[in-house]
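# Tertiary structure, described
For reference, the chains in residue letters:
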Amino acid sequence: MLRLDDVTVRFRAGRGWFDAVRGVDLEVPPGGTLGLVGESGSGKSTVAKAAAGFVPVTAGRVFLGDMELSAQRGRALRSARRRLQVVFQDPYASLNPRRSVGEIITQAASTTGRTRVESERRTHELLDRTGLGARAFHRYPHEFSGGQRQRIAIARALAADPEVIIADEPTSALDVSVQAAVLELLRELQEETGVSMLFISHNLAVVRAVAQRVAVMYLGRIVEIGPSDQVFSSPEHPYTRTLLDAVPEIGGRPGRTRLALGDDIPDPRFRPSGCSFHTRCPVGVRCDPERTVCSDEEPTLTLGDHMVACHFPLSVTSRSAVNGIE
Amino acid sequence: MSVAVGEPRVSVGDVRAGAPRAVGLRRWARFIARRAASLLVIAFILIVATFFLVRLIPGDPAARLLGDTATPDAYEMVRERLGLDEPVLSQLVNYVGGVVRFDLGTSLVSDFSVAQLIGERLGRSMLLAGAGTALVLLTAMVGGVTVGVMTVTGRRRGLDNSFTVSTGLLGSVPEYVLATVLVLVFGIWLGWLPVAGADAGLRSLILPAVAVAVRPAATLARIVRLETFEAFSQDFVRTGRSKRLPTIVLVARHVVPNVLTSALTMGGVILGSLLGGAVVVETVFAWPGLGTALITAVRASDYPTIQGIVLVLGIAVVLLNTIIDLVLAALDPRRLQDGV
Amino acid sequence: MRNLLGTFRSVPSIAALIVLVLILFAAIFGEPLFGDAARNPDVLNAELGPSLAQPFGTDQLGRDVFARTVVSAGPTLLRALLSGLGAAAVGTVLGVAISLQRGRPRLQSLAQRVLETSLAFPALLTAIFVTAVLGSSGSAATIGIGLALIPGLARLAQSMSASIVERDFVRAAEQLGLRRPKILFREVVPNLAETMVTAAASATALALIAVSALSFLQLGVQAPDFDWGTVLAAGLSRIYSAPWAALGPAAFITVTGASIAYLADAIGRRANRRAVIAATGPSARPEAVTGDDDIVLDVRGLSVSFATPMGEVTPVRGVDLTVRRGEIVGIVGESGSGKSVTSMAIAELLPPNARVRADRWTMVAPAEGEPADAASRRRWMAQRIGVVFQDAMTSLNPAMRVGRQISESARVHRGLGRSEAQALAVERLGEVRVAAPELRVGQFPHEFSGGMRQRVVIATGMINHPDLLIADEPTTALDVTVQDEVLALLRHLNRQDGSSIVFISHDLAVVSELCDRVLVMYGGTIVEELPADQLAEPQHPYTRALLAASPTLDTVQHLAAIPGNPPDPAMYPPGCPFAPRCPHVSDRCAEPVSLVSVGTGHRVACVLAADDRADSSDVEVPA
């Protein structure tokens, strides 16, 4: 439904440039959810912004259905953007404090060519469906809690009848008890409307709960992508593995071995040579000096349903070798 | 719970780009180069702007200057003095060329060189402005921070209100009123200080400097107080409290430097309003600076003098702002970073 | 509207409002009432002193100075308004236009630079410049001052609207495919309006003084017209003989200007007004006890109240907390549960409107005995308790080298010299495993990555090797890999030094990995206390629900959402705080409930748990 084709996003950094996103291919399947995970600085939010058109794509193309979104201009772009809606992270910044909830959602509903009466009817439906109730119509955003605001934002996104929703860390500002309700709401609404979703989060457990496919980003590149079950149960990339290992869990996880990272994620402006991960990697040249290919050559994604960009993917490296390094 | 504690390890990516000192020097060099370049550009814009002053005058400036009764000879002479007898482009080239050689033309009224006139008076004006600025910064910082620290808990409502009202009133007293009242009280009634002129050394500087400083100081003191509140709400001040620092240490080390930064950021604007006030105050005290010369020139439509003085004052303002930028960068190293 | 009226409730605001109403009155009715007295010369009565009929006396031509002042209120204010409002209108358009040029960064930064430079240029000088060009007149002065005020207002509008257009709700509107002008007028302008109206009022106050200054310099209004500036100038020329003729009009200008400026300020401040904080009663403080060296901290019945404009709020209600030497105690809860307030109460870092009460509160005593004066008490506290905050970036002073920040407490409280302190900072930075600490102590916080910065904050908290380290969500802002390492570090420091840690978090899993013992807080009370290794099987319905709502890496089934929202600390229910959201709620939940023991080190505050225990004891007694 939403497809990114070799997308690169370049930013200015002082006197130079750096690529926040480098040659990313992604596809959000119709009616499905693609999860995108990574640490801060990995470029996952820039992917969302590029897909939504908030930042220009430096190279590559963004498709929505059959239409090349990144090639549209003017009126055509405006009418195309409606088909892709965004749910933002901060529920306090994403609603105009000067407009009532009813106005906010009705405006979104009316962009699809509905009459005023139809738009308001749709708004009431959505207020009801998201559990906010009819009384929310005339109230203002500041009268609601964070979780309720996020429901309003979801209602606004759905009011425009989008084909794709980009959810950029939609629950990371919420309490756990509220987060579960918002995630469930998103899941139910997706089942009802068949909307596709690109779900971005730093929280792997949250992505696990909502996404059928998951992509892992590191310093602007996809390093692993595949079905959630496979990626979470048998990760191929050592980075994915260390990410999963770092997730704390009550009672611990059976078979959890820990691969120690060398350092924090590097500043994206000073990307290491070769495989960007080699400075922290627990199986590459940092731990095995003979694996110089890691610092010399950048690996490309393998082909298939479960793809990985690593010279020494974990299914190839024997487990004993990993343990030996540890 | 397999919280493995790894060995202490060498950090590769974090000690960025070698020795910090060399990086600092390079950043400073770049920063200064950027500021110098923008200084030159702005100075050029100012020169062009003052040049067009005379060309903006509706109708014929020479005719307006001389009135209806002028002889054709006098008319031609004034046009030549103003350089109006040449094409605009060559006028501009001549003017810029002159400015670069510190030749600002000749006064229409007195036949004096404008550069010479400015040279004689610039020092006095800078003295007054400098004394005023020092007074503003000192009183606003001390007063604003003190009252800010005392009212930050919201408990001293009386002090809070009286500070707001008194700075509000002082910030609205026109400089010339204040100047005249100061003369009346300290010059005439009490006879402590000279009434006018600049001949009594430091004693004659006191009243003009106070008259110039009060309004900007009141404005800045309010800002400083609000910035003090702001600083107190910062997390790092809470960190300071968690170190159990005595209030005086907390204020001196963590609050004042940050307030000073904000005060200096406002400093450029405050300085502008102070220089404006100085023009008026100079007139009241017959202070032999650029302000009195400017007012005299405007009343006499002495365009070359007006051009020259506005240009010099403008460049002085831009220069001072650049200096403020440098001081700020020294106080807050984040400002040295590229693109800021 | 009620908010707006609230602004005008203080004494200075009312005074300012009255002044403006009077001046407005003068501006409208001055001409018909006093026009003749103001204009008609009466040379026989020239230069009279003040009298009841003529409070400011008469001028050289015998005209009533008070009448002249009142009559000229209209034109003077009109010019000030025209300058101020005109400049605000032009400035707003200009500023918004610049901020909309997001696609052209070069043009935008050039425009900004030009604005900033012209902002520094003296406004009065610009105005004089304009009168020199246009000739001296009232309208030239009005235009000149208006022009001079534009850069400041444009700059304000530019920075305000630039921050608004970056907000997500504008993005959302763009994503709906709305047209630019519609977005501008519906989303941007309404959020800008209040600021610009306030700024326009401030600009009018400035213009009032500047217009008068130009008239005073005889560059503004020319005779026979007159305004406050010229009336004042005429008075000033003979101030030594007749002060009232000058001081009267001067008072008009000053008081009017100050009133406008004050009201503008008051409206502007309304948005971010500080809470009015009433004085609170005395707060409890820990007593030092010698004796049981195994207990680092023991608090019973800790309550914290805040005085707020809406009345007293009590976000912490009767918390018991005991920390043993070398123990890591976790306090877990959602926002509003009172976990952070509890920790800050223990650290004595609450704001002055907080009132802390406790039935008992003891901390391990220092070797030298109980501190007597304030300074030695500070020293005592500094060596007992270290604190680590959530946001490492804002918790560090951006303008101070990290070495000085780390060692500051040791310098102040242990009297270390500069080089000793520096050496200690290097040592601590090494202890939190920052590489090349001797280089890094000389750097500033912004030169560190997020994880490294949090290590600096931990080093700062650990500088005196305190008995107790209070860590308030220290890993919440960090990536999961960095969080993992910070947790490992805390565990390591705890084992190495035997420092006890109170660790605050919203994350059950984090707490279960790090801590020995966990307190679950909800609604200002502890609802459950249990050993960390039993967190997988909690007893309290809230803890269970929280556990079921937390996604894990194995989550494939639906998450069990908890209905409703966490309670607002301002209105806790009287009984069990979780009752409104609890699936097992009954009538008995309206009564206060206390912690009952359900196993070794496991206590639960729930009527159901109390039942279980009662049942089992019933069974036991007959047996």
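Residues numbered from 1 in each chain as written. Chains lettered and ligands numbered in written order. Predicted model: local features only at pLDDT ≥ 70, side-chain atom pairs only at ≥ 80, totals over all residues. Heavy atoms only, no water.

Contacts between the two partners involve 83 residues from chain C, matched on the other side by 90 residues from chain B. At the junction of chain C and chain B, the tally comes to two salt bridges. For C:Glu408, the salt bridge goes to B:Arg253, with nearest N and O atoms at 3.0 Å. Here chain C is connected to chain B by 16 residue pairs in polar contact (both at pLDDT 80 or more). Top contributing element to the side of chain C that touches chain B by residue count: helix H11 (residues 244–270) of chain C, with nine residues. (Contact = heavy atoms within 4.5 Å. Salt bridge = Lys/Arg side-chain N within 4 Å of Asp/Glu carboxyl O. Polar contact = N/O pair within 3.5 Å; in protein donor to acceptor, adjacent residues only side chain to side chain. Helix = DSSP H or I, 4+ residues; strand = E, 2+ residues; numbered from the N terminus.)

This brings us to unusual backbone geometry. Residues and elements named next belong to chain C. Positive phi outside glycine occurs at glutamate 348, with the angle close to 55°. As for its placement among the helices and strands, glutamate 348 is situated in the loop between helix H12 (339–346) and strand E5 (354–357). Overall, glutamate 348 belongs to the partly exposed group, its relative accessible area being 21%. In this structure, glutamate 473 is a non-glycine residue whose phi angle is positive, near 50°. Here glutamate 473 lies in the loop between strand E8 (468–472) and helix H19 (480–497). Take glutamate 473: its relative accessible area is 9%, and that puts it in the buried class. (Buried < 20%, exposed > 50% of the residue type's maximum accessible area, 1.4 Å probe, protein only.)

Residue and element names in this part refer to chain A. Pairing in this open sheet of four strands is antiparallel, and the strands run E2-E1-E4-E5 from one edge to the other. Two strands close off the open sheet at either side, each with one partner strand: strand E2 (16–28) and strand E5 (67–68). As paired elements, strand E1 (residues 2–13) and E2 share nine bridges and run antiparallel to each other. Bridged to valine 9 within E2 is valine 21. (Pairing = 2+ DSSP bridges.)

Before going further, it helps to examine the packing of helix H6 (residues 157–170) of chain B against helix H8 (residues 202–232) of chain B. All names here are of chain B. Here H6 crosses H8 at 145°, and the two axes come no closer than 8 Å. When the axes of H6 and H8 are compared, the crossing they make is left-handed. Across the interface between the two elements, Asp160, Phe163, Thr164, Thr167, Gly168 and Leu170 of H6 pack against Val214, Arg215, Ala218, Ala221, Arg222 and Arg225 of H8. In terms of residue class, the contact of H6 with H8 is made up of five nonpolar, three polar and four charged. (Axes fitted to C-alpha atoms, helices over the stretch in contact; angles between N-to-C directions. Left-handed = near helix turned anticlockwise from the far one by under 90°. Nonpolar A, V, L, I, M, F, W, Y, C, P; charged D, E, K, R; others polar.)

Turning to the packing of aromatic side chains, a few remarks are in order. All chains considered together, the criterion is met by 20 aromatic pairs over all chains. Summarising the aromatic geometry, the rings of A:Tyr239 and A:Phe277 are spaced 5.1 Å apart at their centres and angled 65° between planes, so their arrangement reads as edge-to-face. Placement of A:Tyr239 in helix H9 (residues 238–246) and of A:Phe277 in the loop between H9 and helix H10 (293–296) is noted, with a sequence separation of 38 residues between them. The pair formed by A:Tyr239 and A:Phe277 is uniform in burial state, with each residue classed as buried. On the numbers, 6.4 Å between centres and 70° between planes, the contact of C:Phe66 with C:Phe252 is edge-to-face. Residue C:Phe66 is located in helix H3 (residues 65–71), and its partner C:Phe252 is located in helix H11; the two are separated by 186 residues in the primary sequence. Cluster of aromatic residues (ring-pair linked, three or more members): C:Phe34, C:Phe56, C:Phe66, C:Trp228, C:Trp244 and C:Phe252. The ring centre of C:Phe226 lies 4.0 Å from the NZ or CZ of C:Arg68, which sits over that ring. Above the plane of the ring of A:Phe54 lies C:Arg171, whose end atom (NZ or CZ) is 4.8 Å from the centre. (Phe/Tyr/Trp six-rings, centres within 6.5 Å; stacked < 30°, edge-to-face > 60°. Lys NZ or Arg CZ within 6 Å of the ring centre and 35° of its normal.)

On to the sheet that holds strand E11 (residues 525–531) of chain C. All names here are of chain C. Spatially, E7-E8-E9-E4-E10-E11-E13-E12 is the arrangement adopted by the eight strands of the open sheet, whose pairing is mixed. Of all strands in the sheet, those bounded by a partner on one side alone are strand E7 (385–388) and strand E12 (596–599). Taking each pair of neighbouring strands and ignoring which way they run, the sheet shows an average axis angle of 20°. Across five bridges, the pairing between E8 and strand E9 (residues 500–505) is parallel. Paired with isoleucine 470 across the two strands is valine 502, which belongs to E9. In the packing of helix H18 (residues 450–461) onto the sheet, the strands contacted are E7 and E8, and the crossing angle to E7 comes to about 170°. Docked against the sheet, helix H21 (residues 541–549) engages strand E10 (517–522) and E11, running at close to 95° with respect to E10.

Bringing the domain arrangement of chain B into the picture now. Segmenting chain B into domains produces domain 1 (61–100) and domain 2 (114–336). Distance between the C-alpha centres of domain 1 of chain B and domain 2 of chain B: 39 Å. (Domains from an automatic or database assignment.)

Residue and element names in this part refer to chain B. Here proline 208 lies in helix H8. Residues proline 208 and leucine 53, spaced 155 residues apart in sequence, show a C-alpha to C-alpha distance of 30 Å. With residues near it in sequence (within four places) discarded, proline 208 still touches Leu128, Val281, Phe285 and Trp287.

The next thing to look at is the nonpolar core. Proteins that are soluble and globular tend to have nonpolar side chains buried together. Counting residues in hydrophobic clusters, the biggest one holds 271 residues, and the most contacted among them are C:Ile128 and C:Phe503. Each residue touching C:Ile128, except ones within four places of it in the same chain, is listed here: B:Val279, B:Leu294, B:Ile295, B:Val298, C:Leu214, C:Leu217 and C:Leu219. In this structure, C:Val299, C:Val319, C:Val329 and C:Val341 belong to the second largest nonpolar core, which totals 35 residues. (Core = buried A, V, L, I, M, F, W, Y, C linked by side-chain atoms within 4.5 Å.)

So, on to the confidence of the model for chain A. Residues and elements named next belong to chain A. Residues of chain A with pLDDT of at least 70 account for 93%, and the chain-wide mean is 88. Across chain A, the element-wise mean pLDDT spans from 45 in helix H11 (residues 319–325) up to 96 in strand E3 (residues 33–37). Contacts from residues 319–326, a stretch scored under 50 in pLDDT, to residues over four places away or in other chains number 13 contacts. (pLDDT = per-residue confidence, 0-100.)

Mapped onto the fold, C:Leu416 is located in the loop between helix H15 (402–414) and helix H16 (418–431). Ignoring sequence-local partners within four residues, the contact set of C:Leu416 consists of C:Ala410, C:Arg411, C:Ala421 and C:Leu424.

Attention now moves to the side chain of A:Arg151. Residue and element names in this part refer to chain A. Note that arginine 151 resides in helix H5 (residues 146–159). No salt bridge forms around the buried arginine 151; measuring N to O, its nearest opposite-charge neighbour glutamate 188 is 8.0 Å away. Each residue touching arginine 151, except ones within four places of it in the same chain, is listed here: Thr130, Gly131, Leu132, Ala181 and Leu185. (Lys, Arg positive; Asp, Glu negative; His and termini not counted.)

Residue and element names in this part refer to chain A. Using the criterion set out here, one finds 46 salt bridges over all chains in the structure. Residue arginine 83 pairs with glutamate 163 through a salt bridge whose shortest N-O separation is 2.7 Å. Taken together, the positions of arginine 83 in the loop between helix H2 (74–81) and strand E6 (84–87) and glutamate 163 in the loop between H5 and strand E7 (164–168) put the pair 80 residues apart, joining distant regions of the chain. By relative accessible area, which is 25% here, glutamate 163 ends up partly exposed.

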